[in-house]
Amino acid sequence: MCVELGNSEYMEAYIEEYGNTSLCSVSDGAGCDDREKGFIDKMKAKSEEEVTAQLNRLKAMEGESMKPELAVWVKKRRKILAQLAPAARDEL
């Protein structure tokens, strides 16, 4: 694996970020881990306004000081929410 990025989770996050893509598909759960699937199920039950509000909250968190693991999770959630909120797709 890549020495510079450390573990595979960081490498996947790097590729997803710079490729502006996500390995996790909200529509069928392909490429999603258990944590992402749980988040998808939780957010599918929410209204579009709630999803958009959560997306805006996560966008505001970008650039804040946090542990690398949390930063990866924030980015994953943001990409999931962007798939759930059609209006937000163009913003990514």
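Everything discussed here concerns the structure shown above.
Basis of the calculations
- Residues numbered from 1 in each chain as written.
- Predicted model: local features only at pLDDT ≥ 70, side-chain atom pairs only at ≥ 80, totals over all residues.
- Heavy atoms only, no water.
- Core = buried A, V, L, I, M, F, W, Y, C linked by side-chain atoms within 4.5 Å.
- Buried < 20%, exposed > 50% of the residue type's maximum accessible area, 1.4 Å probe, protein only.
- Helix = DSSP H or I, 4+ residues; strand = E, 2+ residues; numbered from the N terminus.
- Contact = heavy atoms within 4.5 Å.
- Salt bridge = Lys/Arg side-chain N within 4 Å of Asp/Glu carboxyl O.
- Phe/Tyr/Trp six-rings, centres within 6.5 Å; stacked < 30°, edge-to-face > 60°.

Chemist: So what exactly am I meant to see when it comes to the nonpolar core here?
Modeler: One broad trend across soluble globular proteins is that nonpolar side chains are buried collectively. Grouped together as the largest cluster of nonpolar side chains are 15 residues, with contacts concentrated most on Phe39, Ile40, Ile80 and Leu81. At the level of secondary structure, the elements contributing two or more residues to this core comprise helix H2 (34-44), helix H3 (48-61) and helix H4 (68-84). For Ile40, the contacting residues outside a window of four places in its chain are Cys24, Val26, Cys32 and Ile80.

Chemist: How should the pattern of salt bridges be read in this particular structure?
Modeler: Pairing is possible between side chains that carry opposite charge, provided their charged atoms lie close to one another. Taken as a whole and assessed by the stated rule, the structure comprises two salt bridges. Across the salt bridge formed by Lys76 and Asp33, the nearest N and O atoms sit 3.7 Å from each other. Of this pair, Lys76 sits in helix H4 while Asp33 sits in the loop between helix H1 (8-19) and H2, placing them 43 residues apart in sequence. According to the relative accessible area criterion, Lys76 is buried, its value standing at 12%. When its relative accessible area of 33% is taken as the criterion, Asp33 is described as partly exposed. Two residues, Arg78 and Glu62, come together in a salt bridge whose shortest N-O distance is 2.4 Å. Of this pair, Arg78 sits in helix H4 while Glu62 sits in the loop between H3 and H4, and the two are 16 residues apart along the sequence.

Chemist: Could you clarify how one ought to interpret the packing of aromatic side chains in this entry?
Modeler: Any two aromatic rings considered together are summarised by their centre-to-centre distance and by the angle between their planes. For the coordinates displayed, the defined rule picks out one aromatic pair. Measuring from ring centre to ring centre gives 5.9 Å for Phe39 and Trp73, while their planes differ by 70 degrees; the resulting arrangement is edge-to-face. Of the two residues, Phe39 sits in helix H2 while Trp73 sits in helix H4, which places them 34 residues apart along the sequence. Given a relative accessible area of 7%, Phe39 falls into the buried group. Given the relative accessible area of 10%, Trp73 is considered buried.

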